[in-house]
Amino acid sequence: VALSDPDLGRAEAAAEAAGARRIVADGLTLIDDPDVDAVLVASPDPTHADFVLACLARGKPVLCEKPLAPRAEDCLRVVRAELELGRRLVQVGFMRRFDPFYGHLKDTLDSGACGQPLLLHCVHRNVSAPDWFTSEMAVNNSAVHEVDIVRWLLAEEIEQVQVIRSVPKRGGLPRDPILLLLRMASGVVADVEVFIHAAYGYDIRMEAVCEEGTIDLGRPQPPSIRKALAVSDAFPADWRGRFGDAYRLQLQSWVRSLSGAPVGASAWDGYAATTVTDALVRSLQSGDAVSVTLEPRPDLYRN
Ligand SMILES: NC(=O)c1ccc[n+]([C@@H]2O[C@H](COP(=O)([O-])OP(=O)(O)OC[C@H]3O[C@@H](n4cnc5c(N)ncnc54)[C@H](O)[C@@H]3O)[C@@H](O)[C@H]2O)c1
């Protein structure tokens, strides 16, 4: 129906692709539009919370890109506004929950086929990032996906985190790559390598180590080429190549949920994930282990 972006050139290109009839420069005008029934927020991270709060004030469902906000205090403002409303209208775009590969890994974990999980090994590698991307953003913009998926897969909260720095790559961020340690309430530990300037491709991996076996995440397999005494296959340049199906499935589920029960990550999940990344940013600065303390989870967010 309508599309908003202060960069009108980008707005026009996106409106044409999406078939939107109206372009407005200000997101709040779009949210106010009586023809707009539901809103998708995909503007830069620091703008998310205020747009989501405006949607809640008008009773409009909103799918907000991750993170719900870069700081937990802003996520909490959203949670409190939703609690006041008394019903869930916010979904956070943690689209990995809709990825068939993560879905299969979760089903296998939940089936108990390999026994109880003991450890998760996770890898998050990007080709590179723009100049304005900071080491803190490697945590609260990129690693927030890992935080959410680990919480979702294990269905428990992260209680303690620590960031371990390695030798920084020349020409990259001052702290890149980094290793994150996430200790769950049960004592299970997840380690996450985050390498923003890995150069060779967008590569997301996970292996769950369980009591009786391991479960590997896998990935969409491109054709493998055997040539000149070598075998090779391609990596996507970014998340679109790896998670295209997840984005589509997330959007379809969200649209269907508008006339039914909420699906996907809630505002509470957005708050919990950012509380963990806030703690990780503190650990990035100090090198120390940092405890994660969440507010008590309200009934609205119990499944
Ligand atoms: N789920 C995922 O895997 C995933 C992947 C990429 C990006 N994201 C998230 O999506 C959001 C957008 O990322 P991107 O890579 O498309 O960024 P981008 O910089 O390419 O695009 C952001 C757009 O927002 C516009 N904008 C800036 N301020 C605005 C405002 N106040 N109101 C409305 N529009 C505004 C900009 O003009 C730009 O066109 C971010 O929150 C990012 O974290 C999520």
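To be clear, the structure that these remarks concern was listed above.
Since the model is a prediction, treat every value here as computed from it, not as a measurement.

Calculation criteria
Here the residue numbers are simple positions, counted from 1 along each chain's written sequence. Side-chain atom pairs in this predicted model are given and counted only at pLDDT of 80 or more, local residue features only at pLDDT of at least 70, and totals for whole chains, interfaces and linings cover all residues. The basis for every side-chain value is the complete set of heavy atoms in the structure, and neither hydrogens nor water enter the calculation. Labels follow the DSSP assignment, with helices taken as runs of H or I lasting at least four residues and strands as runs of E lasting at least two, numbered in each case from the N terminus. To sort residues, take the accessible area from a 1.4 Å probe on protein chains only and compare it with the maximum for the residue type: under 20% means buried, over 50% means exposed, and anything in between is partly exposed. The criterion for strand pairing is that DSSP finds at least two bridges linking the strands in question. The rule is short: rings of Phe, Tyr and Trp, with Trp giving its six-membered ring, pair when the centres are within 6.5 Å, and they are stacked under 30 degrees, edge-to-face over 60, tilted in between. Joining through side-chain atoms within 4.5 Å is the link that ties buried Ala, Val, Leu, Ile, Met, Phe, Trp, Tyr and Cys residues into a set, and such a set is a nonpolar core. Any two residues whose heavy atoms approach within 4.5 Å are treated as being in contact. The definitions used throughout rest on a 1 Å grid laid over the protein atoms alone, on which a cavity is an enclosed set of points accommodating a 1.4 Å probe that cannot get out and a pocket is an open set flanked by protein within 12 Å on both sides along at least five of seven lines; lining residues are those having an atom within 4 Å of a point. Grid points are joined across faces, edges and corners, and a volume is the space filled by probe spheres set on the points. Think of it as three bins: nonpolar holds Ala, Val, Leu, Ile, Met, Phe, Trp, Tyr, Cys and Pro, charged holds Asp, Glu, Lys and Arg, and polar takes everything else, Gly as well. Nearness of a residue to a molecule or strand requires only that one of the residue's heavy atoms be within 4 Å of it. Polar contacts here mean pairs of N or O atoms no more than 3.5 Å apart (in protein, one a potential hydrogen donor and the other a potential acceptor; neighbouring residues in sequence count only if both atoms are side-chain atoms). Note on areas: these come from Shrake-Rupley sampling with a 1.4 Å probe, and a residue is covered only by the protein chains present in the view. Any Lys or Arg side-chain nitrogen found within 4 Å of a carboxyl oxygen on Asp or Glu counts as a salt bridge.

Draft legend 1. How the structure looks around unusual backbone geometry. For the peptide bond that leads from lysine 66 to proline 67, omega is -15 degrees, which places it in the cis range. Relative to the elements of secondary structure, proline 67 occurs in the loop between β4 (62-65) and α4 (72-85). For alanine 199, which is not a glycine, the phi torsion comes out positive at approximately 75 degrees. Position of alanine 199 among the secondary structure elements: in the loop between β9 (189-195) and β10 (203-210). The phi torsion at alanine 228 lies on the positive side, around 50 degrees, for a residue other than glycine.

Draft legend 2. Broad picture of the pairing of β9. With seven of seven residues buried, β9 lies mostly within the body of the structure. Burial along β9 is two-sided: the residues Val189, Asp191, Glu193 and Phe195 and Ala190, Val192 and Val194 are all buried. The pairing of strand β6 (residues 117-125) with β9 spans seven bridges and is classified as parallel. Looking at the pairing, leucine 120 lines up with alanine 190 of β9. Count of turn residues in the strand β8 (residues 178-184)/β9 antiparallel hairpin: four residues, of which glycine 187 carries a positive phi of about 100 degrees.

Draft legend 3. The arrangement of the packing of aromatic side chains in detail. Summed over the entire model, instances satisfying the criterion amount to seven aromatic pairs. Relative to phenylalanine 133, the ring of tryptophan 132 lies with its centre 6.4 Å away and its plane at 50 degrees, an arrangement referred to as tilted. Relative accessible area serves as the criterion here: at 60%, tryptophan 132 is assigned to the exposed category. By relative accessible area, phenylalanine 133 is classed as buried at 9%. Note on tryptophan 268 and tyrosine 301: the rings are 6.1 Å apart at their centroids and 25 degrees apart in plane angle, and the pair reads as stacked. Of this pair, tryptophan 268 sits in helix α8 (residues 267-286) while tyrosine 301 sits in the segment after β14 (290-291), placing them 33 residues apart in sequence.

Draft legend 4. Seen up close, the nonpolar core. Grouped together as the largest cluster of nonpolar side chains are 81 residues, with contacts concentrated most on Val150 and Met206. When residues of this core are assigned to their parent elements, the largest contribution, eleven residues, is made by helix α6 (residues 135-154). Setting aside residues up to four positions removed in sequence, valine 150 forms contacts with Leu120, Cys122, Leu182, Met184, Ala190 and Met206.

Draft legend 5. The arrangement of the layout of surface pockets in detail. As a volume, the second largest pocket reaches approximately 290 Å³. Around the second largest pocket, the lining is made up of 16 residues, and of these Arg97, Trp152, Asp269, Arg297 and Asn303 lie nearest the centre. Looking at the lining of the second largest pocket residue by residue, the classes come out as five nonpolar, three polar and eight charged.

Draft legend 6. Representation of the site of the ligand in the model. The ligand sits among 19 residues. The nearest are Asp5, Asp45, His48, Glu65 and Tyr247. One nitrogen or oxygen atom from the side chain of aspartate 5 is found 2.5 Å from an oxygen atom belonging to the ligand. In the complex, 71% of the free accessible area of the ligand, which totals 840 Å², lies under the protein chains. Of all the secondary structure elements, the ones that give two or more residues to the shell around the ligand are α3 (48-57), α6 and α7 (239-257).

Draft legend 7. Spatial organisation of the environment of phenylalanine 195. Turning to its location among the elements, phenylalanine 195 is positioned in strand β9. Considering only alpha carbons, one finds phenylalanine 195 and serine 128, 67 residues apart in sequence, at a separation of 8.8 Å. Dropping the residues within four chain positions of it, phenylalanine 195 is found in contact with His124, Arg125, Asn126, Lys169, Asp176 and Pro177.

Draft legend 8. Highlighting α3. With seven of ten residues buried, α3 is to be regarded as a mostly interior element. Within the sequence span of α3, burial applies to His48, Ala49, Val52, Leu53, Ala54, Cys55 and Leu56. Just past α3, the residue glycine 59 takes up positive phi, approximately 70 degrees.

Draft legend 9. Here's a closer look at the pattern of salt bridges. For the coordinates displayed, the defined rule picks out 23 salt bridges. Between arginine 77 and aspartate 50 there is a salt bridge, with the nearest N and O atoms lying 3.3 Å from each other. Taken together, the residues arginine 77 in helix α4 and aspartate 50 in helix α3 connect sequence positions 27 residues apart. Classification of arginine 77 by relative accessible area gives partly exposed; the value is 37%. On the basis of relative accessibility, which here comes to 47%, the residue aspartate 50 falls in the partly exposed class. In this structure, arginine 302 engages aspartate 299 in a salt bridge whose closest nitrogen and oxygen atoms are separated by 3.3 Å. For the pair shown, arginine 302 and aspartate 299 are each scored as exposed. Counted as one network, the salt bridges with shared partners bring together Arg97, Asp148, Arg151, Glu157, Asp269 and Arg297.

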